[in-house]
Amino acid sequence: MHADASPRSGHGGFEAAIIDLDGTMVDTMGDFVLALNLMLTDLSLPAVARSVVETRVGKGSAHLIRAVLDYVQNMPAAQVDPAQEAINSGADLDLHAAAWRSYQRHYLAINGQHACVYPGVMDGLKRLQDGGLRLACLTNKPIAFARPLLKSKGLESFFQVVFGGDSFERKKPDPLPLLKTCEALHSLPGRTLMIGDSSNDARAARAAGCPVVLVTYGYNHGEPVRGVNADGFVDSLAAIELAGLKTTTGLSPRWSMPA
């Protein structure tokens, strides 16, 4: 699929689209790195580089915090303050609870300040909306972080519904969030396009029975995104051509819709 300045012809039978947030619509890596390092400072632990954070983003804030703490605690002893031995050897639950409280405080304070909307996102959302598709934002980011970010970046008005990583019992790559979002959009999974940036999005879409397109510029756990099983790849949201994609109506999801 390539960008095309001419108007799109048709929407390929799609009724709706579900769009990921971090790494797909907004580059939030600066927010992640700063909030995590402020958290680590609060815990008297050493800071981490952006490269450490980039490979650990995508599975929700709780997973990100655990992964960064594990990385820091497994650094060579010379790099870690000896005073942290007591923390590293025990009281993990207390440490994680303190880390979460600190991270939440710092992230809410800086949310969106070191983030930017990727080129082509506004145009892409408008084209999807103008094509008659109902749009949802579905992210593993906590909903309390997601809504203010969408609003601050001028993206909120595009979406009929917004769901975060704590909106349902399970997160992507589990298909439950996609199936529940399809319910909220009143759309069939086979006629609902998932647009994301990682294997999390693709695995959830495949299990839910949704076609999936991935952007090439996001956060895919440090792995090449084109190696992921998806229906297409685009360098910009504005390059998505629905008429060139196939719906999967009539195919059954591999996971059943929860009662």
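Let us look at the structure shown here. Quick caveat, the model's predicted, so the values are computed rather than measured.

Tallied over the full model, the rule gives 8 aromatic pairs. One aromatic cluster in this structure is built from Phe-32, Trp-100, Tyr-103, Tyr-107 and Phe-145.

Moving on, we get to the nonpolar core. Core analysis: the biggest nonpolar cluster contains 57 residues, and Met-25, Tyr-103, Leu-125 and Phe-159 have the highest contact counts within it. The element best represented in this core is helix 1 (residues 29–42), accounting for 7 residues. Not counting the four nearest positions on each side in its chain, Phe-159 is found in contact with Ile-19, Met-25, Leu-125, Leu-135, Ala-136, Cys-137 and Leu-150. Listed in part, the 24 residues of the second largest apolar core include Phe-163, Ala-204, Ala-208 and Val-228.

Within the secondary structure, Asp-20 sits in the loop between strand 1 (16–19) and strand 2 (26–27). Classification of Asp-20 as buried rests on a relative accessible area of 5%. Within the local environment of Asp-20, its side chain forms a polar contact with the side chain of Thr-24, the two groups lying 2.9 Å apart. Within the structure, Asp-20 has its side chain in polar contact with the side chain of Lys-172 (distance 2.9 Å). Those residues within four positions of Asp-20 in sequence are excluded, and the remaining contacts are Met-25, Leu-138, Thr-139, Lys-172, Met-194, Ile-195, Gly-196, Asp-197 and Asp-201.

A word on the environment of Thr-181. Within the secondary structure, Thr-181 sits in helix 8 (residues 176–185). Through-space distance from the C-alpha of Thr-181 to that of Thr-192 is 9.7 Å; in sequence the pair is 11 residues apart.

Applying the stated criterion to the full structure yields 11 salt bridges. The partner of Lys-126 in a salt bridge is Asp-130, and the shortest N-O contact between them spans 2.9 Å. One end of the pair is Lys-126 and the other is Asp-130, both in helix 6 (residues 121–130) and 4 residues apart, which spans about a single turn. Asp-235 serves as the salt-bridge partner of Arg-226, at 3.9 Å between the closest nitrogen and oxygen. Considered together, Arg-226 and Asp-235 belong to a single accessibility category, that of exposed residues. Each of the salt bridges in this network shares a partner with another, and the network as a whole consists of Asp-20, Lys-172 and Asp-201.

Each value, and the rule that gives it
Residues numbered from 1 in each chain as written. Predicted model: local features only at pLDDT ≥ 70, side-chain atom pairs only at ≥ 80, totals over all residues. Heavy atoms only, no water. Phe/Tyr/Trp six-rings, centres within 6.5 Å; stacked < 30°, edge-to-face > 60°. Core = buried A, V, L, I, M, F, W, Y, C linked by side-chain atoms within 4.5 Å. Buried < 20%, exposed > 50% of the residue type's maximum accessible area, 1.4 Å probe, protein only. Helix = DSSP H or I, 4+ residues; strand = E, 2+ residues; numbered from the N terminus. Contact = heavy atoms within 4.5 Å. Polar contact = N/O pair within 3.5 Å; in protein donor to acceptor, adjacent residues only side chain to side chain. Salt bridge = Lys/Arg side-chain N within 4 Å of Asp/Glu carboxyl O.

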